[in-house]
Amino acid sequence: MEDYKKLIEEGNKLADTIISKKMRKTLGIYYGTWVIYFLFINLVNYVESLYTSNNVIFTLTDIVIVIPFIIYSVYIFGKIIRLRLIRFGYNNRHFQITRMFYSLYYTILMIIFMITFDQWYSIIPILLFTAGISLAMWRILFSRYKLTKGKYYDILAIGSFQLYPLYPILAASSFSKFATIYIFIFIILWAYASIKSFLELIDNGE
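Below, the structure is looked at part by part.

Rules used in this analysis
Residues numbered from 1 in each chain as written. Predicted model: local features only at pLDDT ≥ 70, side-chain atom pairs only at ≥ 80, totals over all residues. Heavy atoms only, no water. Helix = DSSP H or I, 4+ residues; strand = E, 2+ residues; numbered from the N terminus. Buried < 20%, exposed > 50% of the residue type's maximum accessible area, 1.4 Å probe, protein only. Contact = heavy atoms within 4.5 Å. Lys, Arg positive; Asp, Glu negative; His and termini not counted. Charge placed at Lys NZ, Arg CZ, Asp CG, Glu CD. Axes fitted to C-alpha atoms, helices over the stretch in contact; angles between N-to-C directions. Parallel < 35°, antiparallel > 145°, perpendicular 65-115°, else oblique. Left-handed = near helix turned anticlockwise from the far one by under 90°. Nonpolar A, V, L, I, M, F, W, Y, C, P; charged D, E, K, R; others polar. Patch = residues over 30% accessible without salt bridge, like charges linked within 9 Å, V, L, I, M, F, W, Y side chains within 5 Å. Areas by Shrake-Rupley, 256 points an atom, 1.4 Å probe, with all protein chains shown as cover. Salt bridge = Lys/Arg side-chain N within 4 Å of Asp/Glu carboxyl O. Core = buried A, V, L, I, M, F, W, Y, C linked by side-chain atoms within 4.5 Å.

1. What about the overall build of the protein?
Assigned secondary structure in the protein consists of 7 helices and 0 strands. Traced from its N-terminal end to its C-terminal end, the protein shows the element sequence α-α-α-α-α-α-α. On the principal axes, the C-alpha backbone points of the protein span a range of 75 × 35 × 25 Å. Going through the 206 residues of the protein one by one, you find that 37% of them count as buried. Intrachain contacts of the protein at a sequence separation of at least 6 include 71% that bridge at least 24 residues. Charged side chains in the protein number 20 positive and 12 negative. The centres of these two groups are separated by 3 Å.

2. Some words on the packing of helix H4 (residues 123–142) against helix H5 (residues 152–162)
Here H4 crosses H5 at 165°, and the two axes come no closer than 9 Å. Between H4 and H5, the crossing angle belongs to the class labelled roughly antiparallel. In terms of crossing hand, the pair formed by H4 and H5 is left-handed. Within the contact between the two elements, H4 uses Phe-129, Thr-130, Ile-133, Ser-134, Met-137, Trp-138, Leu-141 and Phe-142 and H5 uses Asp-154, Ile-155, Ile-158, Phe-161 and Gln-162. For the contact of H4 with H5, the per-class residue count stands at 9 nonpolar, 3 polar and 1 charged.

3. Some points on a nonpolar patch on the surface
A cluster of nonpolar residues, Phe-175, Phe-178, Ile-181, Phe-184, Ile-185 and Ile-188, forms a patch on the protein surface that exposes about 590 Å² of accessible area. Take Ile-181: it is sitting in helix H7 (residues 176–203).

4. Quick word on the nonpolar core
Residues Tyr-30, Tyr-31, Tyr-37, Phe-129 and Trp-190 are the most contacted members of the largest nonpolar core, which totals 44 residues. Secondary-structure elements contributing two or more residues to this core are helix H1 (2–49), helix H2 (55–87), helix H3 (95–115), H4, H5 and H7. Considering each element in turn, this core owes the most residues, 11 residues, to H1. Aside from chain neighbours lying at most four places away, what touches Phe-129 is Ile-70, Tyr-106, Leu-109, Met-110 and Phe-161.

5. Some words on the pattern of salt bridges
What the rule picks out here adds up to 3 salt bridges. Among the salt bridges present, the one from Asp-154 reaches Arg-24, with a minimum N-O distance of 2.8 Å. In this pair, Asp-154 sits in helix H5 while Arg-24 sits in helix H1, placing the two residues 130 residues apart along the sequence. Each member of the pair, Asp-154 as well as Arg-24, is classed as buried.

Set out below in structure tokens:
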């Protein structure tokens, strides 16, 4: 009986280790994905500015580009969370609906933000967006239900993301140059978190 219990404990420990490593890999991909997004969107906007100054075109382009990034982010985290649910024997028959809901929820918030970017109330959808993502990441990394161990570079990434609601305010003010500086710092910190996540996996023999 004791050997049976020990075998179960070792199996559960192995499952938790696998999930932890997969989540760290997912975080590395996630950080890197949004670095690519910001580099790409800035490049596209720059090229667009050479040919047009139509704000409607800029907004539509930004919306079309951001939607796949949001859906992909929800998808990759959803795969690991589903494994976690299976690990603890939870019924996940509604999981696909939940994943679709979050994809739609964050997409709608981002679309509203982009449409109202130059208005003061654009801060409302982006606050909801950043608060939701930050809370989810905090639970994944630092709560009692964490899927992997949070590191200092995760804190840097989450912290820089929580400042994102300041971006439209700075961009629309006489301090617009600080908006550019913020995006630069954001990209550096998220690229660093992505690299460190993959290096952690390499150090652990992945």
